[in-house]
Amino acid sequence: MSILSPLTGVLIAGVSAWITAAVKNAFEEKKQRTEWRKELLDRYREDLSNFQKFSQQFAIGIVFLDDKSNLSELHQKYFIPQNFKYTVGRDKTCDIKIDDQTVSRLHCLVTATNKKIFLEDLVPTNPTLIDGKPISGRIEIKSSLKATIGCTEIEIVKLRSTDDDMNIIERSIVNLLSI
């Protein structure tokens with residue numbers, strides 16, 4: 001029995017050291033991911049075009065802008081990465097800026113969460129229109145949607161994800177096997 005006690009102590013100390021190192025590594029990795037995200041966000045704030053090039057790889061949707069006013073010929077596109085939101089309005093702090101006095105400073109939000117894309121109107125006095133009718137609250141974009149914000153047309157297109165493609169393939173295989 002006296003031989004087992006030192007072995008047990010050494011074994012417990014070894015396991016304890018291993019667990020401590022694993023927890024420390026996990027916290028270190030989380031810290032690095034957090035720093036990476038912060039650096040990415042800082043770069044995004046500095047230069048939207050670089051962010052767009054990066055986010056194009058991971059986009060689940062695209063926002064197209066087409067200004068119909070006589071003042072400018074605005075044709076832009078913004079890729080929507082997962083778990084991200086764009087503020088849309090005429091204020092200089094908005095992610096998508098529209099230079100039009102009929103657009104509110106903070107007009108609407110385009111949000112991507114859980115592989116779904118939403119458009120949310122923020123101003124009831126100057127609403128976002130779909131087919132000439134104002135939207136209220138938040139609506140989900142199933143495939144594509146055209147809306148009007150002031151004199152600007154906005155089109156939001158949801159891109160098909162690889163998970164959707166895999167589900168289609170899996171269903172096809174199951175259907176073939178059941179024949």
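On a predicted model such as this, the values are computed, not experimentally measured, just so you know.

## Observations concerning the overall build of the protein
Reasoning step 1: Looking only at helices and strands, one finds 3 helices and 11 strands in the protein.
Reasoning step 2: Secondary structure elements of the protein, listed N to C terminal, follow the sequence α-α-β-β-β-β-β-β-β-β-β-β-β-α.
Reasoning step 3: Considering the protein as a whole, with its 179 residues, one finds that 30% of them fall into the buried category.
Reasoning step 4: In the protein, the share of contacts with a sequence separation of at least 24, taken over all contacts with a separation of at least 6, comes to 40%.
Reasoning step 5: On the protein, roughly 12,500 Å² of surface is accessible, and the fraction owed to carbon and sulfur atoms is 58%.

## Overview of the sheet that holds strand E6 (residues 116-121)
Reasoning step 1: As summarised here, the arrangement of the 5 strands in space is E4-E3-E5-E6-E9, forming an open sheet in which the pairing is mixed. The two strands at the open ends of the sheet, each matched to only one other strand, are strand E4 (96-97) and strand E9 (138-141).

## A few points about a nonpolar patch on the surface
Reasoning step 1: Taken together, the side chains of Leu11, Val15, Trp18, Ile19, Val23 and Phe27 present a nonpolar region at the surface, about 660 Å² in accessible area.
Reasoning step 2: Its location among the elements puts Trp18 in helix H1 (residues 4-46).

Rules and cut-offs
Along each chain, the written sequence defines residue order, and numbers are assigned to residues from 1. Local features in a predicted model are, by the rule used here, given only for residues with pLDDT of at least 70; side-chain atom pairs are given and counted only at 80 or more, and totals for whole chains, interfaces and linings are based on all residues. Excluded from the side-chain calculations are hydrogens and water; all other atoms, namely the structure's heavy atoms, are used. Think of it this way: any DSSP run of H or I at least four residues long counts as a helix, any run of E at least two long counts as a strand, and we number them from the N terminus. A 1.4 Å probe rolled over the protein chains alone gives each residue an accessible area, and that area as a share of the maximum for its type sets the label: buried under 20%, exposed over 50%, partly exposed in between. The contact criterion used throughout is that any non-hydrogen atoms of two residues lie within 4.5 Å. We get accessible surface area from the Shrake-Rupley algorithm with a probe of 1.4 Å; when it comes to residues, only the shown protein chains can shield them. Only strands that DSSP links by at least two bridges are regarded as paired with each other. Like charges are joined within 9 Å and nonpolar side chains (Val, Leu, Ile, Met, Phe, Trp, Tyr) within 5 Å, but only among residues with over 30% relative accessible area and no salt bridge; these make up the patches. Basic side-chain nitrogens of Lys or Arg form a salt bridge, by our definition, when they fall within 4 Å of a carboxyl oxygen of Asp or Glu.

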